[in-house]
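Breakdown of the fold
Spelled out, the chains give:
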Amino acid sequence: MTFETLSDYATLSARAASLVLDAMHAEPIVLGLPTGRTPKGMYELIVAECSQQRCFRDATTFNLDEYVGIAPSHPGSYHTYMRRQLFDHVDLDAASAHIPNGMAGDLNAECTQYEAAIRDAGDLGLTLLGLGANGHIGFNEPGTPFDSTTRVVALTPSTRVANAPLFPDGNVPTHAITIGIGTILRSKRIVLMASGDRKRGAVEQLRSGVVSEDFPASALWKHGDVRVLIGAEYS
Ligand code: GLP
């Protein structure tokens, strides 16, 4: 695992964007994509670079997670987030952009299909991750087995509080579909982004090198190609 400390959020975003763009230019790529505040700057720069070019022509994307019971059109859904931040602005074929369906009638079948689709695509090639203050990656909360695959999870109270601003009516989702830690560890390369004071504790815990299911991001020490981008502040 290599750690890169960037001077500010803009520099972190530029670094992450260039890693994604380089990967897309090199070969047809399968990207694992995150949501949250941290990757917004990266998406902005990718859109600026790709709006006039066919960068995504050979790309396939799988989002890490989606809330259960939240319609794709809901302003707080990750479907909406991805359309706004990326999908509406680049040449990614709709059939190549995957996000779990949190409205599926049979959620377990949806999870099985999602995991199978990732495997059929040859597994994730480059996975971008944010970091929860409690160490979660995707929505893999503390206690998640490191060999977990795509499944329905209950969100911890602290994660629900952190994500509450997306649900101003107070109906914060209780569950989500997330790809597993095992799914993430099968990715060929992983880039984790963490920015701001809110993440300092989690970054220090990751850096300590103690590997424990109590701190999901520590699973990344079991992977051979992880780059951690640390930014000093949000924009
Ligand atoms: C959410 C997402 C994660 C994200 C994390 C951090 O719960 N499911 O994938 O990495 O929170 O979000 P932020 O970047 O807003 O701090």
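To be clear, the structure that these remarks concern was listed above.
Every residue gets a number counted from 1 within its own chain, in the order that chain's sequence is written. Selection of residues for local features in this predicted model requires a pLDDT of at least 70, selection of side-chain atom pairs for listing and counting requires 80 or more, and totals for whole chains, interfaces and linings are taken over all residues. Each side-chain value is worked out from all heavy atoms of the structure, with water and hydrogens disregarded.

Here the idea is plain: a probe the size of a water molecule rolls over the atoms and shows the empty space left. With a 1 Å grid spanning the protein atoms alone, the term cavity applies to any set of points in which a 1.4 Å probe fits but cannot get out, the term pocket to an open set with protein on both sides within 12 Å along at least five of seven lines, and the term lining residue to any residue with an atom within 4 Å of a point. Grid points are joined across faces, edges and corners, and a volume is the space filled by probe spheres set on the points. Quantified by volume, the largest pocket comes out at close to 660 Å³. Taken together, 34 residues line the largest pocket, and the ones lying closest to its centre are Thr35, Gly36, Arg37, Tyr78 and Asn163. Helix numbers and strand numbers start at the N terminus; a helix is a DSSP run of H or I with at least 4 residues, a strand a run of E with at least 2. Among the elements of the structure, helix H3 (78-85) and helix H5 (157-163) are those that each provide at least two residues to the lining of the largest pocket. The leading source of residues in the lining of the largest pocket is H3, at five residues. Under the convention adopted here, Pro, Cys and the residues Ala, Val, Leu, Ile, Met, Phe, Trp and Tyr are nonpolar, Asp, Glu, Lys and Arg are charged, and Gly plus all remaining residues are polar. Here the residues of the lining of the largest pocket are counted per class, giving 13 nonpolar, 15 polar and six charged.

A strand pair is defined by DSSP finding two or more bridges across the two strands. Spatially, the three strands line up as an open sheet ordered S4-S8-S7, and their pairing is antiparallel. Whereas interior strands pair on both sides, the edge strands pair on one side only; in this sheet they are strand S4 (65-67) and strand S7 (151-154). Geometrically, the sheet is characterised by an average inter-axis angle of 30° between neighbouring strands, direction not taken into account. One ladder, built from four bridges, connects S7 with strand S8 (residues 175-178); its direction is antiparallel. The residue bridging Arg151 from the neighbouring strand is Thr178, located in S8. Between the N-to-C directions of two axes lies an angle of 0 to 180 degrees, each axis being a line fitted to C-alpha atoms and, for a helix, fitted only over the stretch in contact.

The next thing to look at is the site of the ligand. As a matter of local geometry, the ligand sits amid 14 residues, with Arg37, Thr38, Asp65, Arg198 and Lys199 nearest to it. Whenever two N or O atoms come within 3.5 Å, that pair is a polar contact, provided that in protein one can donate a hydrogen and the other can accept it, and provided that, for residues adjacent in sequence, both atoms are side-chain atoms. Contact between the ligand and Asp65: a nitrogen atom at 2.9 Å from a side-chain N or O atom of the residue. Contacts to the ligand include Gly138, whose backbone N or O atom sits 3.4 Å from a nitrogen atom. Reported accessibility uses the Shrake-Rupley method at a 1.4 Å probe radius. Residues are deemed covered only where the shown protein chains occlude them. In the complex, 96% of the free accessible area of the ligand, which totals 390 Å², lies under the protein chains. Here the criterion for a molecule occupying a pocket or cavity is that more than half of its atoms lie within 2 Å of the pocket grid points. Of the pockets mapped on this structure, the ligand occupies the largest pocket. For the shell around the ligand, the per-class residue count stands at four nonpolar, six polar and four charged. For this purpose, a residue is taken to be near a molecule or strand whenever a single non-hydrogen atom of the residue falls within 4 Å of it.

Once that is clear, we can look at helix H1 (residues 9-26). An α-helical turn contains 3.6 residues, so a residue and the one three or four places further along point in the same direction. The span you would expect from a helix comes to 1.5 Å times its residue count less one. Taking 1.5 Å per residue, 18 residues should reach 26 Å; H1 reaches 26 Å between its end C-alpha atoms and fits that length. Here, two residues are considered to be in contact whenever any of their heavy atoms come within 4.5 Å of each other. At its buried positions, H1 is contacted by strand S1 (2-6), strand S2 (30-33), helix H2 (40-50), strand S6 (126-129), strand S9 (189-195) and strand S10 (226-231).

For the rest of this paragraph, the subject is a positive patch on the surface. In this analysis, a patch consists of residues with relative accessible area above 30% that form no salt bridge, clustered at 9 Å for like charges and at 5 Å for the nonpolar side chains Val, Leu, Ile, Met, Phe, Trp and Tyr. By salt bridge we mean one thing: a side-chain nitrogen of Lys or Arg within 4 Å of a carboxyl oxygen of Asp or Glu. Counted charges follow a simple rule, with Lys and Arg positive, Asp and Glu negative, and His plus the chain ends left uncounted. Where a charge sits is defined by one atom per residue type, namely NZ (Lys), CZ (Arg), CG (Asp) or CD (Glu). Residues Arg37, Lys40, Arg83, Arg84 and Arg198 make up a contiguous surface patch of positive charge. In this structure, Arg84 sits in helix H3. On the accessibility criterion, Arg84 (53% relative accessible area) is exposed. Relative accessibility decides the category of a residue: with a 1.4 Å probe and only protein chains considered, values under 20% of the type maximum give buried, values over 50% give exposed, and everything between is partly exposed.

Quick look at unusual backbone geometry now. Even without glycine at this site, Asp123 takes up a positive phi of about 70°. By the secondary structure assignment, Asp123 is in the loop between helix H4 (107-120) and S6.

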